[in-house]
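Residues per chain, in single letters:
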Amino acid sequence: MALVFLWAGYALCCLGGLWIVVLAWQKGILWELGCLFLPVLQLIYVALNWKEAKSAFYLLLVGFGAFFVSSVIGN
């Protein structure tokens, strides 16, 4: 069961991160490149563009929650 949560968390984190990169690309190429190569900039982008990026950020949080549940179940 832990493996299911692990893979689900991985998939959700990838989708959330990709969604943020796509949103950043719509703002400009520099935002897109920054968010793609420096993941810390994704947090800055989300903070500056909360209304547009909050759904993608929540998806990332759900993915990290699945990682956490995976680690708790696995032990």
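Here we summarise the structure given alongside this text. (Residues numbered from 1 in each chain as written. Predicted model: local features only at pLDDT ≥ 70, side-chain atom pairs only at ≥ 80, totals over all residues. Heavy atoms only, no water.)

In this structure, Cys13, Ile20, Val21, Leu23, Ala24, Cys35, Tyr45, Val46, Ala53, Ala56 and Leu60 together form the largest nonpolar core, which totals 11 residues. When contributions to this core are tallied by element, the ones reaching two or more residues are helix H1 (2–27), helix H3 (40–48) and helix H4 (50–74). With near-sequence residues (within four places) excluded, Ala24 lies in contact with Trp31, Glu32, Cys35 and Tyr45. (Core = buried A, V, L, I, M, F, W, Y, C linked by side-chain atoms within 4.5 Å. Buried < 20%, exposed > 50% of the residue type's maximum accessible area, 1.4 Å probe, protein only. Helix = DSSP H or I, 4+ residues; strand = E, 2+ residues; numbered from the N terminus. Contact = heavy atoms within 4.5 Å.)

This part takes up helix H2 (residues 29–37). In an α-helix, one turn spans 3.6 residues, which is why side chains three or four residues apart end up on the same side. By the burial criterion, the buried members of H2 are Glu32, Gly34 and Cys35. Looking straight down H2, one finds its buried side chains confined to an arc of 170 degrees; they lie on one side. Away from the buried face of H2 by more than 90 degrees, exposed residues Leu30 and Phe37 are located. On the buried face of H2, the contacting elements are H1 and H3. (Arc of directions from axis to C-beta.)

Here the focus is the packing of aromatic side chains. The geometry of an aromatic ring pair is captured by two quantities: the separation of the ring centres and the angle between the planes. Enumeration according to the criterion identifies six aromatic pairs in this entry. With centroids separated by 5.3 Å and ring planes inclined at 65 degrees, the aromatic side chains of Trp31 and Tyr45 adopt a geometry described as edge-to-face. Separated by 14 residues along the polypeptide, Trp31 in helix H2 and Tyr45 in helix H3 bring together distant segments of the chain. Judged by its relative accessible area of 29%, Trp31 is partly exposed. With relative accessibility at 1%, the residue Tyr45 sits in the buried group. (Phe/Tyr/Trp six-rings, centres within 6.5 Å; stacked < 30°, edge-to-face > 60°.)

Geometric descriptors of this kind do not, in isolation, establish any biological role.
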